[in-house]
Each structure stands twice: as structure tokens, then as C-alpha cells.
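Architecture and fold: a report
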Amino acid sequence: MLKKFLPSLLLSALGASAAVAQAPKSAAPAKTYSAAGKQVQVYTTADNTQLRLAATDKLTFQAQAQPLETQPTVFVDPTHTFQTMLGIGGALTDAAAETFAKMPKAQQQEFLQAYYSPTKGIGYTLGRTSIHSTDFSSGSYTYVADNDKALKTFSVKHDEQYRIPFIKQAIAAAGGKLTMYVSPWSPPAWMKDSKSMLKGGKLLPEFRQTWADYYVKFIKEYERQGIPVWGLTVQNEPMAVQKWESCIFTAEEERDFVKGYLGPTLKKGGLGDRKLIGWDHNRDLMFQRASTLFDDPEASKYFWGIGYHWYETWTGSAMQFDNLRRVHETYPDKNLIFTEGCVENFQFAGINDWKLGERYGNSMINDFNAGTVAWTDWNILLDETGGPNHVGNFCYAPIIGDTRSGKLLYTNAYYYIGHFSKFVRPGARRVATTTTRDVLQSTAFVNTDGSVAVVVMNSTDKEQPFQLWLKGQAAQTTSKPHSIMTMVVK
């Protein structure tokens, strides 16, 4: 029996080695840790206050042995480390690019700094964009003429007006480096059985190779234009028949497309080191998808990891974080990446709703605690209608560009995301953390410079005093009602 399992064990070991080799440089796990003599800088965003990512307190540690049950505590242990962080960011869509182009030059610069400066902004390091059109485009389009199976007419000229210049400015604002990955919403209509890019349909078998070639052409053309591409997903939301660009792949169809066409084509095209991400849909079905993709050795060897969204809530369900944990514990050599989330059903009057940010905070804390290495918001900018969107699927973005007034409007989601992206940098490793009160949610990381960033969220109406406790040292503080705080220990 042992011989039977040796090949799969060897593949697993090789996969784990590759994952380690591809991870960002990370801090060495501390075998011992002492907070004695260290200070804690607290940053706070809170409802019914003016505090927005504001430096609020400096705390000092005092020796404290065993805490009592009557002492609310957030425990952090930097000597136990988990996944290495790749980055946090948002999607640079057609809608974001078109809205950006309509803003005054001063607001454009403000926007770029707000997202991409690690000191004056929230330090985004990750980006996603689409392979031709999505619902968040002003209309449907592709990069080739109809029935051009040889892809001789392939051109990204459409993107040169808004999207490519926008992404290049974002890369520059991020210091010249932005980890970018790309996703298709649908093949061209003529490649599908439905003959439409909208409302689902499937890729016709005779166009599987042509479609695989299309990804390679896109990546190479974007890179030729100065946009390095780190990775790609196979298909956005492959089990959703949407009124916008969409295409159905069952788990078996995605597996077979990757192992028979996309994986080998990327390798043949010199793109075999690009990170391939499966699923790219909600948490509800992700274990079934992961098991189908990763239990097949021929398919699994091409996959860096699995991507997921948060929209399983459309069924009335809460976010299903346990499904992430099942995938992570079953396939520890594969990476988890949050590829999309936004709050739907935009209303301009709702941009100050505090629940916008709390949805982000709840997702990010639980996603990271389940093993996620990268987190990507959806549109980084939308206009005052929640668009542009060619099928009326208007949504919220953390920053709204009001093209009527020329002003940027910051929702609290921007600040909630910033409590992670500004202080948890690429290469950081998640460390152990727990709380003794359900009022408080927490996650924590050690950065490559040795600083420890602890995020604590309180989504209740109750103020909660607590102590931050690290290995026998405690610092006293208070969590305000409906607040998020990042405590940086150094």
C-alpha cells in the first residue's frame, strides 16, 4: 500500500516546497518573544467620532502573569506563525478607470496617494483587472474580430484609452511595483454555445485551445505595455448565470480545461511561472471545487491556489468561513486568495452607512484567520451612480468619485481596509491571537521589520475595555462601539 501512495506524497511535498519558494520574504518566526519595554501605537476608526485611521494612544506594557476570567483580554503570541502575506488591494476595472479620468487632476493625485502610498495612504500592493469586458464596463467588448480562431486581429487598443494608463499610474504610485492578476468574465460570444457573452453559456470544445491562447496573448500584450502580470484566474464566477458577462464551468470542466489546455499553453508560452488560481467564486461551493481541481495530480500541478468571493450571502447565508478552513486544512500546499467583494445595491444616500466597513472588517479578520494570503476588494473607485455599469448592477466602492462636484467621497470601508493594508505588509506572517469576549474580533501579524500589528474590531453598541496580552506583558486600552483599531507593537 505504501508504494501506491508514494507518488501523491511526493507531489504534495514538491508542491509544498514550491509554495514556500514562491512566498514573499517573511520574518523568521521568533522562538522567544518579549514585549517588555516595547510601546504600542494605537490607530482607531470609530462611528460617531471624527476618528479615521487616527493615531489615538500610545500604550506601555506592564508585567502581568495569569489573567483572570474577569479581565477582558486579547491574547497574541508572536512565537506561533502561520501563512505569509502576499498583499492587499483592489480591482482596477474599466469603471474605475473611466471614473478616474473624469476627476480633476488634483483629485486624481489625491486618489492615487490615498490608495497606494504606504505612508500618506493605505499602501495597496495588490491589483486585479479583467480580460476584456465585465459588468463594470460601459459596454461589452473583446480583443478580436468575430470568428478569428487564429487570433490574428488580437488587440487591446480598447484598454489604451482609460484602463492601461490608469493601471500604470497606480503602479507608479505604489513605488513601481504592484502584484497584478487578471480574470476573464466570458470568452467572446462566437466561442460559446449560447453565442452571447452575457447570461452564462459554455465554452465550445472546439475553441478550448483558442481561448487558452487568448489568455497568453493578453498577458504578453499587457506586459509589453508595462504592466507585469503575476497571475490569473481561470474564470470569474464559473457557476453563476449572470445578466452580464458570464460563462459556466463545472468543476470537472475547469479541471479538464486547465490540465488539457490552459496549463500547458501558459507553460509553452513562457508563462508557466504565472500563478494560476481556480474557482474565483463564492465560499459555499469552494471545497467541492478545490477537491476536484486538486485531487487530480495533472490538474493540480498547474494551480497556485484557489480564489473566492463573499457573495454566498445572496442565499440568506452568513459568510461561510468554515469552508475556507476545510480547504486550507485539506490542501495546505495551496494558497487561499480573496479575489472579490463589494457591497451591492448602491444608493448614494447610503455611502455613510457604518455597516459598509464592518462587512469588510468581519470578512478580512475571519478570512486571514482561516489562512488567506491575499485579499482583493472589487472596484477601487466608482462614480455617484455606483457605476458605470452596462447592465445596471450598481455597487459601492470604498471611494466614490462624484463626477458632478469633482470630489472624492470616502466611505468607512476605505478606512476599515486600511487598518489591514497599511500595517500588515507583504511578507508579514499571521500569528496566534484569541479574545476572551465575543464583542471583540481579532487577527495579528508579525511584519518583516519585527513589528507586530494587531487588529481588533468591535461591531456592537458596547464599549469594551480590554488588555492586550503578549507573553506575560499587558497593555490596557478600550475598544469603542462600532470601531476598528490597529495596535502596532514595536
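As shown above, the structure is provided for reference.
Now for a description of the structure that goes with this document. (Residues numbered from 1 in each chain as written. Predicted model: local features only at pLDDT ≥ 70, side-chain atom pairs only at ≥ 80, totals over all residues. Heavy atoms only, no water.)

Turning next to the environment of Leu 266. Looking at where Leu 266 falls in the secondary structure, it is placed in helix α6 (residues 251–268). For Leu 266, a relative accessible area of 4% gives the class buried. For the pair formed by Leu 266 and Ala 212, sequence separation is 54 residues and the distance between their alpha carbons is 7.9 Å. Residues contacting Leu 266, with those up to four places away along its chain left out, are Val 216, Ile 219, Leu 232, Leu 271, Gly 272 and Leu 276. (Helix = DSSP H or I, 4+ residues; strand = E, 2+ residues; numbered from the N terminus. Buried < 20%, exposed > 50% of the residue type's maximum accessible area, 1.4 Å probe, protein only. Contact = heavy atoms within 4.5 Å.)

Before going further, it helps to spend a moment on the pattern of salt bridges. Opposite charge on two side chains makes pairing possible when the charged atoms of those side chains draw close. Taken as a whole, this structure holds 18 salt bridges when the rule is applied. Arg 128 serves as the salt-bridge partner of Asp 280, at 2.9 Å between the closest nitrogen and oxygen. On the criterion of sequence distance, the pair formed by Asp 280 in strand β9 (residues 275–282) and Arg 128 in strand β6 (residues 126–131) is long-range, its members being 152 residues apart. The partner of Lys 301 in a salt bridge is Glu 298, and the shortest N-O contact between them spans 3.1 Å. By sharing partners, the salt bridges in this structure join Asp 94, Asp 159 and Arg 163 into a single network. (Salt bridge = Lys/Arg side-chain N within 4 Å of Asp/Glu carboxyl O.)

Here we have 8 strands rolled up into a closed barrel, ordered β5-β6-β7-β8-β9-β10-β11-β12, and parallel in their pairing. Adjacent strand axes in the sheet meet at a mean angle of 25°, parallel and antiparallel pairs treated alike. The sheet contact formed by strand β8 (residues 231–233) and β9 spans 3 bridges and is parallel. Residue pairing in the sheet places Gly 231 in a bridge with Lys 275 of β9. Together, β9, β10 (303–309) and β11 (335–340) form the strand contacts of helix α7 (residues 286–294), whose direction differs from that of β10 by roughly 165°. (Pairing = 2+ DSSP bridges. Axes fitted to C-alpha atoms, helices over the stretch in contact; angles between N-to-C directions.)

Of all 9 residues in α7, 7 are buried, a share of seventy percent or more. Buried within α7 we find Met 286, Arg 289, Ala 290, Ser 291, Thr 292, Leu 293 and Phe 294. For α7, the secondary structure elements touched by its buried residues are α6, β9, α8 (297–300), β10, α9 (321–330) and β11.

Right, let's get into the pairing of strand β7 (residues 179–184). Burial analysis of β7 places 6 of its 6 residues in the buried class, the great majority of the element. Burial along β7 is two-sided: Thr 179, Tyr 181 and Ser 183 and Met 180, Val 182 and Pro 184, pointing in opposite directions, are all buried. Across 6 bridges, β6 lies against β7 in parallel orientation. Note that in β7 the partner of Ser 130 across the bridge is Ser 183. This β-α-β element, β6 to helix α4 (residues 163–173) to β7, shows right-handed connectivity. (Right-handed = clockwise from strand over helix to strand, strands pointing away.)

What follows deals with the side chain of Asp 383. Among the structural elements, Asp 383 can be located in strand β13 (residues 382–383). Lys 102 provides the closest opposite charge to the buried, unpaired Asp 383, separated from it by 5.0 Å. (Lys, Arg positive; Asp, Glu negative; His and termini not counted.)

Our focus in this paragraph is the packing of aromatic side chains. Taken as a whole, this structure holds 42 aromatic pairs when the rule is applied. Consider the rings of Tyr 143 and Phe 218, whose centres lie 5.6 Å apart with planes at 20°: the pair is stacked. Separated by 75 residues along the polypeptide, Tyr 143 in the loop between β6 and α4 and Phe 218 in helix α5 (residues 208–224) bring together distant segments of the chain. When its relative accessible area of 3% is taken as the criterion, Tyr 143 is described as buried. Geometrically, the ring pair formed by Phe 338 and Trp 375 is stacked, given 4.0 Å between the ring centres and 5° between the ring planes. Taken together, the residues Phe 338 in strand β11 and Trp 375 in strand β12 (residues 372–379) connect sequence positions 37 residues apart. The pair formed by Phe 338 and Trp 375 is uniform in burial state, with each residue classed as buried. Following the ring pairs from residue to residue traces out a cluster consisting of Tyr 141, Tyr 143, Phe 154, Trp 211, Tyr 214, Tyr 215, Phe 218, Tyr 222, Phe 249, Phe 257 and Tyr 261. The side chain of Lys 334 reaches across the aromatic face of Phe 294, ending 5.2 Å from its centre. (Phe/Tyr/Trp six-rings, centres within 6.5 Å; stacked < 30°, edge-to-face > 60°. Lys NZ or Arg CZ within 6 Å of the ring centre and 35° of its normal.)

Moving on: the sheet that holds strand β16 (residues 429–435). Whenever strands of a sheet pair, they do so through backbone hydrogen bonds, lying parallel or antiparallel. Read across the open sheet, the 10 strands follow the order β2-β1-β21-β18-β17-β16-β4-β19-β20-β3; overall the sheet is mixed. Two strands lie at the open edges of the sheet, namely β2 (54–60) and β3 (62–63), each paired on one side alone. Of the strand pairs in this sheet, β16 and strand β17 (residues 440–446) are connected by 3 bridges, and their pairing is antiparallel. Each residue of the ladder has a partner; that of Val 431, found in β17, is Ala 444.

Take helix α11 (residues 412–421) next. Counting buried residues in α11 gives 10 out of 10 residues, a clear majority hidden from the surface. Those residues of α11 that fall on the buried side of the exposure criterion are Asn 412, Ala 413, Tyr 414, Tyr 415, Tyr 416, Ile 417, Gly 418, His 419, Phe 420 and Ser 421.

So, on to the environment of Phe 82. Along the polypeptide, Phe 82 turns up in strand β4 (residues 73–84). By relative accessible area, Phe 82 is classed as partly exposed at 37%. With 348 residues separating them along the chain, Phe 82 and Arg 430 place their C-alpha atoms 5.2 Å apart. When residues no more than four places from it in sequence are discounted, the contact partners of Phe 82 are Arg 429, Arg 430, Val 431 and Ala 432.

By themselves, these observations are geometric and do not establish any function.
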